[in-house]
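What follows is the residue order along each chain.
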There are 2 protein chains.
Amino acid sequence: MAQNVYDQPDFFAGYSQLGRSVEGLEGAAEWPALRAMLPDVSGLRIVDLGCGFGWFCRWALEHGAKEVLGLDLSEKMLARARAAGPDAGIVYERADLDELSLPPTAFDLAYSSLALHYVSDAARLFQTVHRCLVPGGHFVFSTEHPIYMAPTHPGWSVDAESRKTWPVDRYLVEGPRKTDWLAKGVVKHHRTIGTTLNTLIRCGFTIEHVEEFRPTDAQIAAKPELAEELERPMFLLVSARR
Amino acid sequence: MAQNVYDQPDFFAGYSQLGRSVEGLEGAAEWPALRAMLPDVSGLRIVDLGCGFGWFCRWALEHGAKEVLGLDLSEKMLARARAAGPDAGIVYERADLDELSLPPTAFDLAYSSLALHYVSDAARLFQTVHRCLVPGGHFVFSTEHPIYMAPTHPGWSVDAESRKTWPVDRYLVEGPRKTDWLAKGVVKHHRTIGTTLNTLIRCGFTIEHVEEFRPTDAQIAAKPELAEELERPMFLLVSARR
């Protein structure tokens, strides 16, 4: 069973104030890159693994999706997602991605934004996703980048020449990482890019695109604090096909 | 035109003393992992991109390869490879991987060990490799890992708790990196894992396996200095299929 940190009051309060919570998809710097990896969603049956406040579910419906199933472990997030409407086209359900089961060949697209690093058994989940997709179906997701997640003490350091660096250690030691982010003791599961991709391939997926998110020059010009994202990647974006 | 640093006397002298130069494949910690990604080479026509002293070419011939073409930019390395024999089954030719052309569908396997990070135009080379392979042919290579290559000052640092870390910066700034390794001003070309894989995919390859090399526990037990390789990956290993 995955840790349900999002339902802890302090975490939920902090998360609710992030740009991506207030502004939705447009508040997430990586969204344009992830969107570019999506197929045309019109007419598709979509499952969103870790739907949070439902921003993507609503976006998909507005862009012509046939039906959207939004899954999340957090009751508080699901409650807010349901309250945001609409009443038809989206179904929100509580689900633990570590224990998920889904009907076979029921979806054309599986989508997940920044949820898979909370999953301890990626092989089990990827198998479940593979089975729930139609042949040719798409699996598009973002996850925390392993460079971001691996270190004992994830954070910036400043070198002798005043350069910001991101000291990496334990990159090849996979497994849980406990960090303090919005709350104490948040548990994430570190996997290398190789492990993530090989697990997809072994489950039967074909890798279509792998992106270590880099903000565009236009994004940096509009929001100069994004420049530090050039030093080390925070997000890994992947699209694969059944 | 790629930099021909291997033919500089100081570089060549230093390189000739490395474990992998003296002991051959068995002196390279990543060889067992790379070998495990190879198809059975018996009966195959093979091209080795950056063959160096010809260790892999000879290994392939001993394991039943039909014919092996070893390519390298360094005259000194080719001279030593030729001198090692055998006289039949292997042809060594001088080639610049940045300007390479090869006959179409002439090979079953393209192999490359730690040469691609010297190549500035990966798309051009991958296209050339794709065309030179038969449909279903294999492309298996190792290259320096971008975590290893990206930093302004690649090297270890020690944090406040005496932990060895590898400070990363400029990971998302692709392009040349000038380092001092065996000689001053060695030029390598930094690409993210995403760029390497997407370039392969765009050229028509299917990604089969991606490995960020981790020494095995047995390797570390036999050679304790390998333990630091767990902190950050030095090599990226990829197998792809036409």
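The written sequence of each chain sets the order in which its residues are numbered from 1. Written order determines the labels here, with chains lettered from A and ligands numbered from 1. Per-residue local features are limited, in this predicted model, to residues with pLDDT of at least 70; the limit for side-chain atom pairs, both in listing and counting, is 80 or more; totals at the level of whole chains, interfaces and linings are taken over all residues.

### Topic: the sheet that holds strand β4 (residues 107–113) of chain A
Residues and elements named next belong to chain A.
Then, in step 1: Being paired, for any two strands, means DSSP has found at least two bridges between them. Numbering of helices and strands starts at the N terminus; helices are DSSP runs of H or I of at least 4 residues and strands are runs of E of at least 2. Spatial ordering of the open sheet is given by β3-β2-β1-β4-β5-β11-β10, a layout of 7 strands whose pairing is mixed. Of all strands in the sheet, those with a lone pairing partner are β3 (90–94) and β10 (206–212), marking the two edges. Taken over all neighbouring pairs, the strand axes of this sheet differ in orientation by 15° on average, direction set aside.
Then, in step 2: Relative to strand β5 (residues 133–144), β4 is paired through 6 bridges, and the arrangement is parallel. To obtain an axis, a line is fitted to C-alpha atoms, over the contacting stretch when the element is a helix, and the angle between two such axes runs from 0 to 180 degrees between their N-to-C directions.

### Examining the packing of helix α6 (residues 122–132) of chain B against helix α8 (residues 193–202) of chain B
Residue and element names in this part refer to chain B.
Then, in step 1: In contact at an axis separation of 9 Å, α6 and α8 are set at 40° when each is read in the N-to-C sense. Classified by the angle their axes make, α6 and α8 are oblique. Where α6 crosses over α8, the handedness of that crossing is right-handed. Contacts from Ala 122, Ala 123 and Phe 126 of α6 reach α8 at Thr 196, Thr 199 and Leu 200. We call two directions roughly parallel when the angle between them is under 35 degrees, roughly antiparallel when it is over 145, roughly perpendicular when it lies between 65 and 115, and oblique otherwise. Should the near helix be turned anticlockwise from the far one by less than a right angle, the crossing is left-handed, and should it be turned clockwise, the crossing is right-handed. Two residues form a contact once the distance between their C-beta atoms, set from the backbone, is within 7 Å.

### Side note on the pairing of strand β11 (residues 235–241) of chain B
Residues and elements named next belong to chain B.
Then, in step 1: With 6 of 7 residues buried, β11 is to be regarded as a mostly interior element.
Then, in step 2: Note that strand β5 (residues 133–144) and β11 share 7 bridges and pair antiparallel. Across the sheet, residue Phe 141 finds its bridge partner in β11, namely Val 238.
Then, in step 3: Sheet analysis places strand β10 (residues 206–212) next to β11, joined by 6 bridges and oriented antiparallel. Its bridge partner being in β11, His 209 is matched across the sheet by Ser 239. Burial is judged by counting the other C-beta atoms within 10 Å of a residue's own C-beta: 20 or more makes it buried, 12 or fewer makes it exposed, and any count in between marks it as partly exposed, with every C-beta position built from the backbone.

### Looking at the environment of A:Gln17
Residue and element names in this part refer to chain A.
Then, in step 1: Positionally, Gln 17 belongs in the loop between α1 (9–16) and α2 (19–22).
Then, in step 2: Since 9 C-beta atoms lie within 10 Å of it, Gln 17 is described here as exposed.
Then, in step 3: Taking the C-alpha atoms as reference points, Gln 17 and Tyr 148, 131 residues apart in sequence, are found 22 Å from one another.

### A look at the confidence of the model for chain A
Then, in step 1: Per-residue confidence for chain A gives a mean pLDDT of 95; residues scoring 70 or more make up 100%.
Then, in step 2: Among the scores for the predicted complex, ipTM is 0.96 and pTM is 0.97. On a scale of 0 to 100, pLDDT captures the predictor's confidence in every residue.

### With respect to helix α5 (residues 75–83) of chain A
Residues and elements named next belong to chain A.
Then, in step 1: Every buried residue of α5 is accounted for by Met 77, Leu 78 and Ala 81. Viewed along the axis of α5, the buried residues span an arc of 100°, placing them on a single side of the element. Exposed positions of α5 whose direction lies more than 90 degrees from the buried face are Glu 75, Ala 79 and Ala 83.
Then, in step 2: Among the structural elements, β2 (67–72) and β3 are those in contact with the buried residues of α5.
Then, in step 3: Phi turns positive, to about 70°, at Gly 85, one or two residues after α5. This arc is built from the directions going out from the helix axis to the C-beta atoms.

### As for the relation of the copies chain B and chain A
Then, in step 1: Least-squares superposition aligns the copies on the C-alpha atoms of those residues with pLDDT at or above 70 in both. When chain B is fitted to chain A, the residual RMSD is 0.0 Å, and the transformation amounts to a turn of 180° plus an axial shift of 0.0 Å. In short, the pair behaves as if placed about a two-fold rotation axis. Across chain B, the smallest distance between a C-alpha and the rotation axis is recorded for B:Pro167, namely 1.9 Å.
Then, in step 2: Comparing interface residues between copies, 100% of those in chain B also sit at the interface in chain A, which points to an isologous, same-surface contact.

### Here we look at the interface of chain B and chain A
Then, in step 1: Taken together, the contact pairs 34 residues of chain B with 34 residues of chain A.
Then, in step 2: Residue assignment for the side of chain B that touches chain A shows that the elements contributing at least two residues are β7 (164–168), α8 and β10 of chain B.
Then, in step 3: Here the side of chain B that touches chain A takes 7 residues from β10(B), the largest share from any one element.
Then, in step 4: Think of it as three bins: nonpolar holds Ala, Val, Leu, Ile, Met, Phe, Trp, Tyr, Cys and Pro, charged holds Asp, Glu, Lys and Arg, and polar takes everything else, Gly as well. Among the residues making up the side of chain B that touches chain A, the classes are represented as 14 nonpolar, 9 polar and 11 charged.
Then, in step 5: Across 3 bridges, the pairing between strand β7 (residues 164–168) of chain A and β7(B) is antiparallel.

### What to know about the nonpolar core
Then, in step 1: Structurally, a nonpolar core is described as a collection of buried Ala, Val, Leu, Ile, Met, Phe, Trp, Tyr and Cys residues joined by way of C-beta atoms within 7 Å. The biggest cluster of nonpolar side chains holds 114 residues, and the ones touching the most others in it are A:Ile46, A:Ala110, B:Ile46 and B:Ala110.
Then, in step 2: Counting 14 residues, the second largest nonpolar core, distinct from the first, contains A:Ile147, A:Val168, A:Tyr171 and A:Leu172.

### With respect to the sheet that holds strand β2 (residues 67–72) of chain B
Residues and elements named next belong to chain B.
Then, in step 1: Spatially, 7 strands are ordered β3-β2-β1-β4-β5-β11-β10 in an open sheet, and the strand pairing comes out mixed. A single partner strand is all that each edge strand has here, and the edge strands are β3 (90–94) and β10. With strand direction ignored, the average angle separating the axes of adjacent strands in the sheet is 15°.
Then, in step 2: Pairing of strand β1 (residues 45–49) with β2, which is carried by 5 bridges, proceeds in the parallel orientation. Along β2, the bridge assignment pairs Asp 48 with Gly 70.
Then, in step 3: Sheet contacts for helix α4 (residues 55–62): β1, β2, β3 and β4 (107–113); angle to β2, the most-contacted strand, approximately 175°.
Then, in step 4: Where α6 meets the sheet, it contacts β1, β4 and β5, and its direction lies at approximately 145° from that of β5.

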